[in-house]
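# Structure assessment
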4 protein chains.
Amino acid sequence: MKQKIRMGMVGGGKKAFIGAVHRMAASLDGLIELSCGAFSSNAENAIESGKDLFLPDNRIYTSYAEMITAESKLPASERIHFVSIVTPNNLHFEPAMLALENGFHVLIDKPITLTLAEAKALKAKADETGLMICLTHTYSGYPMVKQAKKMVKDGAFGKIRKVVVEYPQGWLSLPADADNKQAAWRADPAKSGISGCMADVGTHAAHLAEYISGLQITKICADLNIVVENRLLDDDGNVLLKFDNGANGVLFASQIAAGEENAIKIYVYGEKGGLEWHQMEPNTLLVKWLDQPMQVYRTGNGYNSDIAKYNTRTPSGHPEGYLEAFANIYKNFAQTIAAKENGTTPSEEMLDFPGAAEGVRGMAFIENVVASSKSEQKWYDFTV
Amino acid sequence: MKQKIRMGMVGGGKKAFIGAVHRMAASLDGLIELSCGAFSSNAENAIESGKDLFLPDNRIYTSYAEMITAESKLPASERIHFVSIVTPNNLHFEPAMLALENGFHVLIDKPITLTLAEAKALKAKADETGLMICLTHTYSGYPMVKQAKKMVKDGAFGKIRKVVVEYPQGWLSLPADADNKQAAWRADPAKSGISGCMADVGTHAAHLAEYISGLQITKICADLNIVVENRLLDDDGNVLLKFDNGANGVLFASQIAAGEENAIKIYVYGEKGGLEWHQMEPNTLLVKWLDQPMQVYRTGNGYNSDIAKYNTRTPSGHPEGYLEAFANIYKNFAQTIAAKENGTTPSEEMLDFPGAAEGVRGMAFIENVVASSKSEQKWYDFTV
Amino acid sequence: MKQKIRMGMVGGGKKAFIGAVHRMAASLDGLIELSCGAFSSNAENAIESGKDLFLPDNRIYTSYAEMITAESKLPASERIHFVSIVTPNNLHFEPAMLALENGFHVLIDKPITLTLAEAKALKAKADETGLMICLTHTYSGYPMVKQAKKMVKDGAFGKIRKVVVEYPQGWLSLPADADNKQAAWRADPAKSGISGCMADVGTHAAHLAEYISGLQITKICADLNIVVENRLLDDDGNVLLKFDNGANGVLFASQIAAGEENAIKIYVYGEKGGLEWHQMEPNTLLVKWLDQPMQVYRTGNGYNSDIAKYNTRTPSGHPEGYLEAFANIYKNFAQTIAAKENGTTPSEEMLDFPGAAEGVRGMAFIENVVASSKSEQKWYDFTV
Amino acid sequence: MKQKIRMGMVGGGKKAFIGAVHRMAASLDGLIELSCGAFSSNAENAIESGKDLFLPDNRIYTSYAEMITAESKLPASERIHFVSIVTPNNLHFEPAMLALENGFHVLIDKPITLTLAEAKALKAKADETGLMICLTHTYSGYPMVKQAKKMVKDGAFGKIRKVVVEYPQGWLSLPADADNKQAAWRADPAKSGISGCMADVGTHAAHLAEYISGLQITKICADLNIVVENRLLDDDGNVLLKFDNGANGVLFASQIAAGEENAIKIYVYGEKGGLEWHQMEPNTLLVKWLDQPMQVYRTGNGYNSDIAKYNTRTPSGHPEGYLEAFANIYKNFAQTIAAKENGTTPSEEMLDFPGAAEGVRGMAFIENVVASSKSEQKWYDFTV
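Residues numbered from 1 in each chain as written. Chains lettered and ligands numbered in written order. Predicted model: local features only at pLDDT ≥ 70, side-chain atom pairs only at ≥ 80, totals over all residues. Heavy atoms only, no water.

Chain A has the name Gfo/Idh/MocA family oxidoreductase in an unreviewed UniProt entry, where Pedobacter cryotolerans is given as its organism.

This is the structure we're talking about:
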């Protein structure tokens, strides 16, 4: 009997939103089994959550340390292959490091850690152990984002000249919003780190810009804002960008863009044409040309590139969504693990998931934009 | 240890498209376990498919009869709760009837059977046994479709006056398309029944119109067409409608609408306003008013009705897609089964899935439109 | 000094909506001069209207008969070239016939007359005199409609198989709406003729379908409805269509589609692809292909056909609207008149405006759909 | 006999694009008469252009000086009321100043002059003479822009927190584009001034942001770019903004955004909601709320504000475009002139056109962004 890839989860207990998202993403393709979990630091919640998730009692743990230790002692045919960490930012580093130290691959929600130093330490440990870290920059999991990246890479648009990436949300427009659990930890420096909006969504925007364009940000000029009174961390920010090939750009992210849902979108312009993608209509990629009608690329069609097809589950016109994009990251990670388990070489498609390197760049982004925002100097070198 | 609802699948072997869709939909929420399957009438394919799906050898069957018989002899704590039938139309009735006879609930892809008579027989058996049939009219699983239905039911638009439902696809525009497996059986009367396009997609359109409007079609005037030469079944059709409250309507479905993906959409107009929903942008429901600006209802927002929220998994702006709609049907069905297993009363939300009655109406739709199309009389009574 | 083409207007006094639209359309390009008018059957209104329009007293008339007679006696360098008739349907025929009899070209709002017989009589008179009739089927004046027609004509989509044209409006959803002047005459058989909705907007839809497809309707199956109680004429209707090449189609028009503005749209499908155009976003033409991404043709771009460019005034991205489409009909008509005045041959582009033949087909459409709707027979031959 | 407002045009001869646009805008409403012109500095072109425009020989001039002098000597009942200047930027100041000195109102294409100093001088002369200057910031002429401004002003969104305005065009993506006349002068510092893209389209974006928000830019951080080699002026630029109420913002403009047409769009966010408007779909204004569905305001509906209705010509669903927006500026200006001629007080609606003050701010914008872009300091005070 063939075996699924086994996952243990840290965090994601009953009332946590993102835990359920991770579990749906992990289970969608039937390749990954939720084998155990330490779903909460509250033992009662942890146990109840585990039972609700149909886990046997002996695989429900009340701390990540307990889980990692216990799992590492199980026979290879039973113990988990990877740990999925879905806690707030401040609770990423320790469980991730412990997992790596005990021989488990790790999947973490972004941003990878609380500080750049932690991110570098995790990456070093992964490099040292040969274990993998997967980072859920979900938006890079959409088929049309992969199509976009491929077309840019293939030179369809010539040299890239300008990248604009925008991430407006409105859900933190009111102070009262902070009463909800999701909002509360994001606004708390102890749990979120030195940035609020930029850490939470700005990192997604920066990753998307670099992922699609194939470029790297080299200079920034940031203006972070605390718009809602008494908030301790930025809830809004605008950043001018320069990329390593000389292209310029704009990135803005906001959580006080009242009335916006989750409207991350990107525009990339090259010498010969450009592209536009909106996450809220993710199956559509607008491709623009200097002298020809705009083309509308759509998920699930035969004309798409292989990498887009590899990350597509339904025929054209049957929309794929956020959970499918999320599941692509899990699936590719799990298939890479499976390949390694089976002693085969993972394909390029399998390896296409964000990892430790992207985690380090994400933390560098946070630290650089915060520093740039405080500086009176216009351009600030993006250092890692 | 709590237990998941256990499913056995009939059909859906390696190369079958829809089997994978059913499995993803069933697994998304972690409530249903694929416990066994008879994935193909070809034994080798059946076995290989089962292994690829991580099933133990003793739960991989080579015929549905074998599966149903064997499963019915397992202890209650092991045997499946329901059979999922994902074969072509001509292979729905027998396994469904056998499953009901052996005490299993049944989930079937639409249209429910090959003939109206079979549909009635299945419904009678379900009524007799108290077992349930679930029919995957996927489009009624979308949160915004449920929001639409609720608003109509609550009288937001007053009396409904007109319903227009359109289902253009283009994938059968060429004869050569018939080479592919999906296309082949749909064009074969022995497997598809007396209708092609109307059975395959017209039934979805009719169900959607009745589901949202809360009305029933009472008269039709149909014009079915075979557009591509040498095809044996309709690949296109237009139907004028009358509903039981006096409203009029238009339904058209086509598989030769070249360049269309899967563009089912619906417009409903009442005395005070109307609504518009496009499956290809499923998270948006346009709500129109006589004297006020159009409103854009979107999945995941607090202003939606409870039934829409119950069928939503992600926050607003994180698009849900076809698989989530499909999964809603599986989830609601599984929760209803679980409630019955636990001796509790399933909630209204759980019970909101299409069943035998909708299956019978769907077959009646097929038989009526085919008869109407052949008739020289304008209006044809929709009889069941 | 070169001279503009001179126009005399019948109807369109102070409170009339459509008169102002005609005057804006006529004046946009600076080719046509409003030289005189009989703006109302009410002398006071007629005179006041003329003064407000900066006309000299001696060119303000109080009846169309007076105007036509007086103008015909002026020297050629002063008298008008054409009469523009913007009255309700029942007041089209007499002034048009009188104008033709007195040597003036005629422009009329659609539908051309109150009855098919009148339409034929006007066409006969125009044919006999060599004078021209121009009919303001505005929607055929849009550049992207002309682009669509050209692409169909050039065979881009292969043989046309299906045409769907929809014209939902909501402004007559309430009985109270009939209080307004626009609504009142349209609901009055004495002024509107035997049809309400089909005469008012259905004729536009039918013309658009024939104009773009290059096909002619040969059979219909109509279901006209009076939805709002106590109304005397249809306010809604659905029609199945057959075209002369064997293509099938659907046309519906409604004035009780609550919440809709003026949403005429069309879908045309051929063997190789299809097109979609929405009047409310008129500068966009969606072009769909079997195996390639959809293309978005946009007004004002170099890739458009000459006929589209000829009817475009602004660069791409500077939207053109309803008045520009209307003005194209006036401009082409005026240029054709000017060419005839100058003894030159009008170009194909100039001659591209709807005329008496389209007027006759429009009246035939009205009479046929009304007859079909009353018939119990499914298919009704479209006769002219 | 009532008289139209009389206009004399400077520039806009045969091959000039913008001259024709101005004339269409001026003539649309039948309120303004093109009475004379000095259409080109080339006498032959000037004369031929005048004849083509149906002007009598004695009102066709070969220089603006000649025109202004000659017209000023005509009797009041014949001479023009205002001069419309449609030449490149470097040819705005002299004819405008001469016109003002001779008692004529002035309408000028934006940017108002070549330098801020010239702009101030013109404004001073207008203030001194009591004559008016009208500046064609076309985009503020759209009904939905006026609706947006009104809603912001009425406090519908609470305090404004963020403004994002974007103006991507792609038509200067290639060096070869510079061969065309429109492109050539814009890239020539002698004709365009110290900025290319920012002067040409950035000023529109800045004006739109201030017009709708009712705020004024107080600080900027600009990054102007010359993307296409060998160009002398910026063809792209990104600017961070601070407004006088503390709101932050982003403005970018580009003429190398390959594949974009004329995609100026704006997002404004307040405490309670936000709005979004795209010029390429100008009849739609998206209005977003914290807790309610987004509303879609559309031109021509009864729910719009009076100022929006005042600037609307057609019923809802009959799209208005760029020329209608342009015509609104002409119409309001002409009505204000007419009111002054008649000794009445122009209404608030009539006075709603951009003038000398906006011209000065536009020139200040250009000079400030150029200076900021050269500076290494992050924030640059926006001074006038």
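Having seen the structure, we can now continue with the description.
## A look at the interface of chain D and chain A
Residue-level contacts link 49 residues of chain D with 49 residues of chain A. Of the roughly 3,300 Å² buried between chain D and chain A on both sides combined, carbon and sulfur atoms contribute 56%. Linking chain D to chain A there are six salt bridges. Joining chain D to chain A, the criterion identifies 28 residue pairs in polar contact (both at pLDDT 80 or more). Mapped by element, the contributors of at least two residues to the side of chain D that touches chain A are strand 6 (160–168), strand 7 (217–225), strand 8 (236–243), strand 9 (248–254), strand 10 (265–270), strand 11 (273–278), strand 12 (284–289) and helix 12 (356–374) of chain D. When residues of the side of chain D that touches chain A are assigned to their parent elements, the largest contribution, six residues, is made by strand 8 of chain D. When grouped by side-chain class, the residues that make up the side of chain D that touches chain A number 19 nonpolar, 16 polar and 14 charged. (Contact = heavy atoms within 4.5 Å. Buried area = accessible area lost by both parts, 1.4 Å probe. Salt bridge = Lys/Arg side-chain N within 4 Å of Asp/Glu carboxyl O. Polar contact = N/O pair within 3.5 Å; in protein donor to acceptor, adjacent residues only side chain to side chain. Helix = DSSP H or I, 4+ residues; strand = E, 2+ residues; numbered from the N terminus. Nonpolar A, V, L, I, M, F, W, Y, C, P; charged D, E, K, R; others polar.)

## With respect to the interface of chain B and chain D
On the side of chain D, eight residues touch chain B, which itself brings eight residues to the contact. Both faces considered, chain B and chain D share a buried interface measuring about 740 Å² in area, 69% of it formed by carbon and sulfur atoms. Our count for the contact surface shared by chain B and chain D stands at zero salt bridges. Where chain B meets chain D, there are two residue pairs in polar contact (both at pLDDT 80 or more).

## Digging into the relation of the copies chain D and chain A
Taken as rigid bodies, chain D and chain A are interconverted by a rotation of 180° and an axial shift of 0.0 Å, the fit giving an RMSD of 0.0 Å. Viewed as a symmetry operation, the transformation between the two copies matches a two-fold axis. Of the C-alpha atoms belonging to chain D, the one lying closest to the rotation axis is found on K378(D), 2.0 Å away. Comparing interface residues between copies, 100% of those in chain D also lie at the interface in chain A; the contact surface is shared. (Least-squares fit on C-alpha atoms with pLDDT ≥ 70 in both.)

## As for the side chain of E118(D)
Residue and element names in this part refer to chain D. Looking at the secondary structure, you find E118 in helix 5 (residues 116–129). There is no salt bridge for the buried E118, and the closest opposite charge comes from K120, which lies 13 Å off by N-O distance. In this structure, E118 is in contact with F93 and T113, ignoring residues within four places of it in sequence. (Buried < 20%, exposed > 50% of the residue type's maximum accessible area, 1.4 Å probe, protein only. Lys, Arg positive; Asp, Glu negative; His and termini not counted.)

## Considerations on the pattern of salt bridges
Taken as a whole and assessed by the stated rule, the structure comprises 78 salt bridges over all chains. Salt-bridge contacts for K265(D) lead to E166(D); the nearest nitrogen and oxygen are separated by 3.5 Å. With K265(D) in strand 10 and E166(D) in strand 6, this residue pair connects regions lying 99 residues apart in the sequence. For the pair shown, K265(D) and E166(D) are each scored as buried. Shared partners join several salt bridges into a network, and the residues in it are K2(A), K14(B), E48(B) and D52(B).

## Considerations on the sheet that holds strand 2 (residues 32–38) of chain A
All names here are of chain A. Ordered by their spatial adjacency, five strands build an open sheet running 2-1-3-4-5, and the pairing between neighbours is parallel. The sheet terminates laterally at strand 2 and strand 5 (133–135), the two strands that pair on one side only. The mean angle between the axes of side-by-side strands here comes to 25°, regardless of whether they run parallel or antiparallel. The pairing of strand 1 (residues 5–10) with strand 3 (residues 82–85) spans four bridges and is parallel. What sits directly across from V10, in strand 3, is I85. (Pairing = 2+ DSSP bridges. Axes fitted to C-alpha atoms, helices over the stretch in contact; angles between N-to-C directions.)

## Topic: the sheet that holds strand 2 (residues 32–38) of chain D
Residue and element names in this part refer to chain D. As summarised here, the arrangement of the five strands in space is 2-1-3-4-5, forming an open sheet in which the pairing is parallel. If you trace the sheet from one side to the other, it starts and ends with strand 2 and strand 5 (133–135), each paired once. Adjacent strand axes in the sheet meet at a mean angle of 25°, parallel and antiparallel pairs treated alike. The pairing of strand 3 (residues 82–85) with strand 4 (residues 105–108) spans four bridges and is classified as parallel. Within strand 4, the residue paired with F82 across the bridge is H105. Most of the contacts of helix 3 (residues 64–72) go to strand 2, to which it runs at about 125°, and overall it touches strand 1 (5–10), strand 2 and strand 3.

## Concerning the relation of the copies chain B and chain D
Between the two copies, chain B and chain D, the superposition gives an RMSD of 0.0 Å; the rotation angle is 180° and the shift along the axis is 0.0 Å. A high fraction, 100%, of the interface residues of chain B reappear at the interface in chain D, so the copies pair face to face through one surface.

## Thoughts on the packing of helix 4 (residues 93–101) of chain D against helix 5 of chain D
Any two packed helices are characterised by the angle at which their axes cross and by the distance between the axes. All names here are of chain D. At a minimum axis distance of 10 Å, the contact between helix 4 and helix 5 shows a crossing angle of 10°. Considered as vectors, helix 4 and helix 5 are oriented roughly parallel to each other. Contact with helix 4, carried on its side by F93, A96, M97, L100 and E101, involves E118, A121, L122, K125, A126 and T129 of helix 5 and no other residues of that element. The class makeup of the residues in the contact of helix 4 with helix 5 is seven nonpolar, one polar and three charged. (Parallel < 35°, antiparallel > 145°, perpendicular 65-115°, else oblique.)

## Considering the environment of S192(A)
All names here are of chain A. As for its placement among the helices and strands, S192 is situated in helix 8 (residues 189–192). It is 8.9 Å that separates the C-alpha atoms of S192 and L233, two residues lying 41 residues apart in sequence. If we skip the residues at most four places from it in the chain, S192 touches N89, L114, W185, R186, A199 and L233.

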